[in-house]
Amino acid sequence: MSRILKRVNNRLSLGGAATLIVSVTLLAQALGFLRNRLISTNFTIVDPGASDAFFAAFIIPDFFYYTIAAGALGVAFMPFLADRLEQGDRKSVWELVNSLLNVLTVVMLFVAIIILIFARPMIHALAPNLPQENLNQAVLIMRFLALNPLFFTISGILTSVQQTFGRFFFYAIAPLLYNLAIIVSIFIFRENIGIVGLGIGAAFGGILQLSLSTLGLYGLGFKYKPYVARKNKDFRSILRNLPPRSLDQGIDQVNSIVETNRAQALGVGPI
C-alpha cells in the first residue's frame, strides 16, 4: 500500500499535471451529466417536485462553502505556502496549514449547526412555493448535507498543500467520488426512500472525498496540531485577503439563490 501511495504521490511535471487535470475534469463533467440524467429519468419524470427538492437543498450549503472557504484556498492561501516552501521553511508551511485548518473547521462546524437547526426556514425562504411533501424532502436532504461544507473545506486545504508540493493525483481524483456516490445512491434508494436517499449519497460522497484527499499527504511529513498562529504575519495576511475573495465567490452564489428562487416560482419542476 505504501509503495502505491509513494508512486501516485510523485511530483508531476507541468505537462503531466495539466494532462491529468484536464482528463479528470472532462470525466467529472461526464459524471455530472450522467448524474443529472439519472435523476431526471428516475425522479423528475415521476415527481418533478422531488428533483426540485434535491437541487434546492444544495444551494445554501454550497453558498456557505464557496463564500467562506473556497476563496481562501487558491488566491489567499496557496501563494503563501509556495513562498514559504521556496524558502525551504517547512515549519512555516505546516504552521499556516494547521492555523487555517483549525480556524475554518470551527467556522464550518458552526455553519453545520446553523444548517441543521434552520434548514426548514432557509429552504422555505429559498423556495416558498415547493409543495409541502417536497419541502420536507428538501429539508431532510439539506440536513444530510450539513457537514459537507466542512468536509469540502478540509479536503480543499489538504489538496492545496499537495498542489503546492507538485502533487496532483488525489487533488484531481477525489472529487470524482462525490458524483459517483450520488449516482450509486440513485440505484440503492430509488425504490425505497426515494430522492432523500440521494442526500445520504451526497453526504457519504463528501466523506469519501475527504478520506481520499488525506492520502495525498503521505510522505510530506504533515502533523496535525490544534493551534492557531495568530502572530504569524502570513496567516494574518491570509485572513485579510479572505473578504474580497469571499465577496467574489459570494456574488456567484447569490446568483444561484436568485435563480433557484425564480425558477420555483414558475411551478413544479423548473429547478
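Residues numbered from 1 in each chain as written. Predicted model: local features only at pLDDT ≥ 70, side-chain atom pairs only at ≥ 80, totals over all residues. Heavy atoms only, no water.

Novice: I'm lost on the overall build of the protein in this one. Help?
Specialist: Within the protein, the secondary structure is distributed over 11 helices and 0 strands. Taken from the N to the C terminus, the helices and strands of the protein come in the order α-α-α-α-α-α-α-α-α-α-α. Its C-alpha radius of gyration of 20 Å places the protein within 12% of the 18 Å reference for a compact globule of 271 residues. Seen through its C-alpha atoms, the protein measures out along the principal axes to roughly 60 × 40 × 30 Å. Counting across all 271 residues of the protein, residues that qualify as buried make up 50%. Just so you have it, the protein exposes about 13,400 Å², and 64% of that area is on carbon and sulfur atoms. (Helix = DSSP H or I, 4+ residues; strand = E, 2+ residues; numbered from the N terminus. Rg over C-alpha atoms; globule rule 2.2 N^0.38 Å. Buried < 20%, exposed > 50% of the residue type's maximum accessible area, 1.4 Å probe, protein only. Areas by Shrake-Rupley, 256 points an atom, 1.4 Å probe, with all protein chains shown as cover.)

Novice: When you look at the layout of surface pockets in this model, what are you seeing that I'm missing?
Specialist: Think of a ball as big as a water molecule: rolled over the atoms, this probe shows where empty space is left. Quantified by volume, the largest pocket comes out at close to 1,300 Å³. Considering the residues around the largest pocket, the lining is formed by 40 residues, among which Tyr65, Tyr66, Pro175, Tyr178 and Gln209 are closest to the centre. The set of elements that each furnish at least two residues to the lining of the largest pocket consists of helix H2 (14-44), helix H3 (48-73), helix H7 (148-164), helix H8 (169-173), helix H9 (176-189), helix H10 (196-215) and helix H11 (233-264). With 9 residues, the single largest contributor to the lining of the largest pocket is H3. The residue makeup of the lining of the largest pocket, split by class, is 22 nonpolar, 16 polar and 2 charged. (1 Å grid on protein atoms, 1.4 Å probe; cavity = no way out; pocket = protein on both sides within 12 Å on 5 of 7 lines; lining within 4 Å. Points joined across faces, edges and corners; volume = space filled by probe spheres on them. Nonpolar A, V, L, I, M, F, W, Y, C, P; charged D, E, K, R; others polar.)

Novice: Explain the packing of aromatic side chains to me, please; I cannot follow it from the model alone.
Specialist: Here a ring pair, both rings aromatic, is described through the centre-centre distance and the interplanar angle of the planes. Under the definition given, this model contains 8 aromatic pairs. With a centroid separation of 5.7 Å and an interplanar angle of 10 degrees, the aromatic rings of Trp94 and Phe165 are classed as stacked. Of this pair, Trp94 sits in helix H5 (residues 90-126) while Phe165 sits in the loop between H7 and H8, and the two are 71 residues apart along the sequence. Neither residue differs from the other here; Trp94 and Phe165 are each classed as buried. Judged by centre distance (5.2 Å) and plane angle (85 degrees), the rings of Phe152 and Tyr178 are edge-to-face. Taken together, the residues Phe152 in helix H7 and Tyr178 in helix H9 connect sequence positions 26 residues apart. Of the two residues, Phe152 and Tyr178, both sit in the buried class. (Phe/Tyr/Trp six-rings, centres within 6.5 Å; stacked < 30°, edge-to-face > 60°.)

Novice: Mind showing me how you'd approach the pattern of salt bridges here?
Specialist: Side chains bearing opposite charge may pair, as long as their charged atoms lie close to each other. Summed over all chains, the structure comprises 1 salt bridge. One salt bridge connects Asp234 with Arg84, and the closest N-O pair in it is separated by 2.3 Å. Placement of Asp234 in helix H11 and of Arg84 in helix H4 (residues 78-86) is noted, with a sequence separation of 150 residues between them. For the pair Asp234 and Arg84, a shared accessibility class is recorded, and that class is buried. (Salt bridge = Lys/Arg side-chain N within 4 Å of Asp/Glu carboxyl O.)

Novice: What's the story with empty space enclosed by the protein in this structure? I'm lost.
Specialist: The final tally for this structure, using the stated rule, is 1 cavity of 30 Å³ or more. Considering the residues around the largest cavity, the lining is formed by Phe58, Pro61, Asp62, Tyr65, Leu145, Asn148, Pro149, Phe152 and Tyr178. Of all the elements in the fold, those that place two or more residues in the lining of the largest cavity are H3 and H7. No other element matches the 4 residues that H3 contributes to the lining of the largest cavity. Taken together, the residues of the lining of the largest cavity sort by class into 7 nonpolar, 1 polar and 1 charged.

Novice: Just checking my understanding: could you explain the environment of Leu135 for this structure?
Specialist: With respect to the helices, strands and loops of the structure, Leu135 is situated in helix H6 (residues 132-144). Taking relative accessible area as the criterion, Leu135 reaches 7% and is therefore assigned buried. A sequence separation of 86 residues divides Leu135 from Gly49, and the C-alpha atoms of the two residues are 8.8 Å apart. Once residues within four sequence positions are removed from consideration, Leu135 is found in contact with Arg120, Ile123, His124 and Leu130. (Contact = heavy atoms within 4.5 Å.)

Novice: I'm lost on H11 in this one. Help?
Specialist: With 32 residues, H11 should reach 46 Å at 1.5 Å per residue; the first-to-last C-alpha distance of 47 Å fits that figure. Of all the bends in H11, the largest measures some 35 degrees and sits at Leu242, one to four residues before the proline Pro243. Where H11 starts, the residue carrying a side-chain oxygen 2.9 Å from the main-chain nitrogen of Asp234 turns out to be Asn232. (Expected span 1.5 Å × (residues − 1). Bend = angle between axes of the 7 residues up to and from the residue. Polar contact = N/O pair within 3.5 Å; in protein donor to acceptor, adjacent residues only side chain to side chain.)

Novice: Explain the confidence of the model for the protein to me, please; I cannot follow it from the model alone.
Specialist: Should the pLDDT be low somewhere, the predicted coordinates at that spot are not to be read in detail. Across the protein, the average pLDDT comes to 85, with 93% of residues at 70 or higher. When mean pLDDT is taken per element in the protein, H6 scores highest with 94 and helix H1 (residues 2-8) scores lowest with 52. (pLDDT = per-residue confidence, 0-100.)

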